[in-house]
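# Architecture and fold: a report
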Amino acid sequence: MKYCKNCGAENSDNNIFCFNCRCESFNPAQPAPPYPNASVPVLPAAPPVYMTPAKPKAPLGISELLTVFGFVCAVVGMYRISIILHPIGVLTSIIGFVNGKRYRGLALAGTVISAVGGIIYLVISLYNNGMLPEWITYGAFH
């Protein structure tokens, strides 16, 4: 075993450099003094890092909640009770788009999904009840 003269760390015989302080001053004959008595180069302290606190986000307002509600109504309306959820989705998404500052893309998506879903539901309902003229249904559904 070799002992570093600089820091007193124990190193294997094959080491060229001290694994602790990276110097090459080994003294294999006698161990170095304990670490507190050894002369270790003192590195300058790193400057303190000041973290700026993140700005707290404003709580969700009514417009943002209506936007999220409209989008959820639009997506759920594509699968269940669309006669109720599509008009609610269009209305709440439009209110959220006009009055809200955040989530405008979500409000637009909710409006489009609700409108398209409502139109599809209306056409299918009219077709199933025989209320569409044959010239419309023959080209679209046959």
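Residues numbered from 1 in each chain as written. Predicted model: local features only at pLDDT ≥ 70, side-chain atom pairs only at ≥ 80, totals over all residues. Heavy atoms only, no water.

Our next topic: the overall build of the chain. Helix and strand content of the chain: four helices and three strands. Counting over 142 residues, the chain shows a buried share of 23%. For the chain, the exposed surface amounts to about 10,600 Å²; the carbon and sulfur share of it is 68%. (Helix = DSSP H or I, 4+ residues; strand = E, 2+ residues; numbered from the N terminus. Buried < 20%, exposed > 50% of the residue type's maximum accessible area, 1.4 Å probe, protein only. Areas by Shrake-Rupley, 256 points an atom, 1.4 Å probe, with all protein chains shown as cover.)

With that out of the way, let us pick up a nonpolar patch on the surface. Together, Ile94, Phe97, Val98, Leu108, Val112, Val116, Ile120 and Ile124 line one region of the surface with nonpolar side chains, adding up to about 670 Å² of accessible area. Those elements that provide at least two residues to the nonpolar patch are helix H2 (82-99) and helix H3 (104-128). Top contributing element to the nonpolar patch by residue count: H3, with five residues. (Patch = residues over 30% accessible without salt bridge, like charges linked within 9 Å, V, L, I, M, F, W, Y side chains within 5 Å. Salt bridge = Lys/Arg side-chain N within 4 Å of Asp/Glu carboxyl O.)

At a closest axis distance of 8 Å, the pairing of helix H1 (residues 62-77) and H3 adopts a crossing angle of 30°. Between H1 and H3, the angle falls in the class roughly parallel. The way H1 lies across H3 gives a crossing that is left-handed. Where H1 approaches H3, its residues Thr67, Val68, Gly70, Phe71, Ala74 and Val75 are matched on the opposing element by Leu106, Ala107, Ala109, Gly110, Ile113 and Ser114. (Axes fitted to C-alpha atoms, helices over the stretch in contact; angles between N-to-C directions. Parallel < 35°, antiparallel > 145°, perpendicular 65-115°, else oblique. Left-handed = near helix turned anticlockwise from the far one by under 90°. Contact = heavy atoms within 4.5 Å.)

Turning to the state of the cysteines, a few remarks are in order. By definition, a disulfide links the sulfur atoms of two cysteine residues through a covalent bond. Considering all chains together, one arrives at zero disulfides under this definition. Counting only cysteine sulfurs, Cys18 is the nearest neighbor of Cys7, a cysteine outside any disulfide, at a range of 3.6 Å. Take Cys7: its relative accessible area is 4%, and that puts it in the buried class. (Disulfide = S-S within 2.5 Å.)

The next point concerns unusual backbone geometry. The backbone of Tyr103 shows a phi angle near 65°, a positive value even though the residue is not glycine. Residue placement: Tyr103 occurs in the loop between H2 and H3.

Attention shifts here to the environment of Gly77. Following the sequence through the fold, Gly77 ends up in helix H1. Looking at Gly77, the relative accessible area reads 3%, which means it is buried. In sequence terms Gly77 and Ser114 are 37 residues apart; their C-alpha atoms lie 7.5 Å from each other. What Gly77 contacts, discounting residues up to four positions off in sequence, is Ser82, Leu85 and His86.

Helix length check: H3 (25 residues) gives 36 Å between terminal C-alpha atoms against 36 Å at 1.5 Å per residue, within 8%. Every buried residue belonging to H3 is among Ala107, Gly110, Thr111, Ser114 and Gly117, and all of these are buried. In this fold, the buried residues of H3 make contact with H1 and H2. One or two residues past the end of H3 sits Gly130, with phi positive at roughly 70°. (Expected span 1.5 Å × (residues − 1).)

Honestly, that's just the spatial picture; any functional story needs more than this.
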